[in-house]
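Architecture at a glance
Here are the chains, one letter per residue:
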Amino acid sequence: MRRREKFIIVAILLSLGLLAIQYIPLDWRYLGVLALFVASYFGSVWALFEDLEAREWLTITPFPALYATAVALFYFLLPEVFLSRLLIVAVFGVGMYALLLTSNIFSVAKGRTIQLLYAAHAVALFFIMITSLLLNNVIFSLRLPFYLNAVLVFVAHFPMVLSALWSIELKPQIGKDVVLYSVIFSLLLAELATLFSFLPMQIWNQALFLMSFLYVGLSVLQSFFKGRLFRNTMNEYNLVAALMVILFILMFPLK
């Protein structure tokens, strides 16, 4: 079986699983989401197994599973309109297929540069933003204590940050610097989540601001690992960060 056929099969089966979760009794839905996470993880392993190495079980395959989990959890917050949920399932399936293609590029690009690698980085960053936005929204919607918000944000974002930084160099091993920067940056996100827990901000505003910080921070770190973090580049990111802060202050005021 060709690899693209495996991607299609995994995307379709996971989409059907996402749809099926809505028909599970409410008390069992979180177990259904956990089952979807496990199925997404091992489905990705099966689809990418030919070129998958040991370290990639930590750097590549967790991300599709997190994407599936984010969509499944956010799915609960949608109105119970069948057509809208069916549309979300269709978009999810297309997104999962694109994410598996992107993961495959990272898996086969080890030790060499291929033309599609730059496009794969852009697609992966896009899905990281979407996944972060949905997970942040769900986490803040639960109205948990600040310390649980911090823990959940760290646990949700660390695998994504680790994957994004490792994919820049694609070294045979996960470098200590990649792990260190991933931990530090994820802790910064957790600290922001703690701060937002005490501010009377709307949930979407909290999720969007945290996602924006993730975007700027990841962009800076990826440029650093590429060896392209020049002064002009840093000034541009600082300007973007400042504009984001001003925009959120003006357009998304506190309650």
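What you are looking at is a predicted structure, and each value in this text was computed from that prediction instead of being measured.

Details of the side chain of Ser212
Examined against the element boundaries, Ser212 turns out to sit in helix 9 (residues 203-226). Classification of Ser212 as buried rests on a relative accessible area of 9%.

Here's the deal with the packing of aromatic side chains
Across all of its chains, the model carries 14 aromatic pairs by this definition. Each ring, one from Phe185 and one from Phe213, has its centre 5.8 Å from the other, and the planes form 25°; the classification is stacked. Residue Phe185 is located in helix 8 (residues 176-198), and its partner Phe213 is located in helix 9; the two are separated by 28 residues in the primary sequence. Overall, Phe213 belongs to the partly exposed group, its relative accessible area being 31%. Summarising the aromatic geometry, the rings of Phe224 and Phe225 are spaced 5.5 Å apart at their centres and angled 85° between planes, so their arrangement reads as edge-to-face. Aromatic rings pair up to connect Tyr67, Phe92, Phe126 and Phe127 into one cluster. When the ring centre of Trp46 is taken as origin, the NZ or CZ atom of Lys6, which lies over that ring, is 5.2 Å away.

Here we look at the environment of Val245
The residue Val245 is located in helix 10 (residues 231-251) in this model. With 33 residues separating them in the primary sequence, Val245 and Ser212 have C-alpha atoms 9.3 Å apart.

Comments concerning the nonpolar core
Ranked by size, the top nonpolar core spans 75 residues in total, and within it Leu18, Phe92, Met96, Ile128, Leu210, Leu214 and Leu218 carry the most contacts. The set of elements that each furnish at least two residues to this core consists of helix 1 (3-21), helix 2 (29-48), helix 4 (62-75), helix 5 (82-108), helix 6 (117-141), helix 7 (146-169), helix 8 and helix 9. Looking at which element gives the most residues to this core, the answer is helix 6, with 13 residues. If we skip the residues at most four places from it in the chain, Leu218 touches Leu125, Ile128, Met129, Val161, Ala164, Leu165 and Phe185.

A few points about the packing of helix 4 against helix 6
The geometry of helix 4 relative to helix 6 is characterised by a closest axis approach of 9 Å and an angle of 40° between their N-to-C directions. Put simply, helix 4 runs oblique to helix 6. For the crossing formed where helix 4 meets helix 6, the hand is left-handed. Where helix 4 abuts helix 6, its residues Phe63, Leu66, Tyr67, Ala70, Val71, Leu73 and Phe74 lie against Ala124, Phe127, Ile128, Thr131, Leu134, Leu135, Asn137 and Val138. Looking at side-chain class alone, the contact of helix 4 with helix 6 contains 13 nonpolar, two polar and no charged residues.

Quick word on the environment of Ala164
Its place among the elements puts Ala164 in helix 7. Put simply, Ala164 and Ala124 are 40 residues apart on the chain and 7.5 Å apart in space, counted from C-alpha to C-alpha. Other than its neighbours up to four places away in sequence, Ala164 contacts Ile128, Leu218 and Gln222.

About the thresholds
Residues numbered from 1 in each chain as written. Predicted model: local features only at pLDDT ≥ 70, side-chain atom pairs only at ≥ 80, totals over all residues. Heavy atoms only, no water. Helix = DSSP H or I, 4+ residues; strand = E, 2+ residues; numbered from the N terminus. Buried < 20%, exposed > 50% of the residue type's maximum accessible area, 1.4 Å probe, protein only. Phe/Tyr/Trp six-rings, centres within 6.5 Å; stacked < 30°, edge-to-face > 60°. Lys NZ or Arg CZ within 6 Å of the ring centre and 35° of its normal. Core = buried A, V, L, I, M, F, W, Y, C linked by side-chain atoms within 4.5 Å. Contact = heavy atoms within 4.5 Å. Axes fitted to C-alpha atoms, helices over the stretch in contact; angles between N-to-C directions. Parallel < 35°, antiparallel > 145°, perpendicular 65-115°, else oblique. Left-handed = near helix turned anticlockwise from the far one by under 90°. Nonpolar A, V, L, I, M, F, W, Y, C, P; charged D, E, K, R; others polar.

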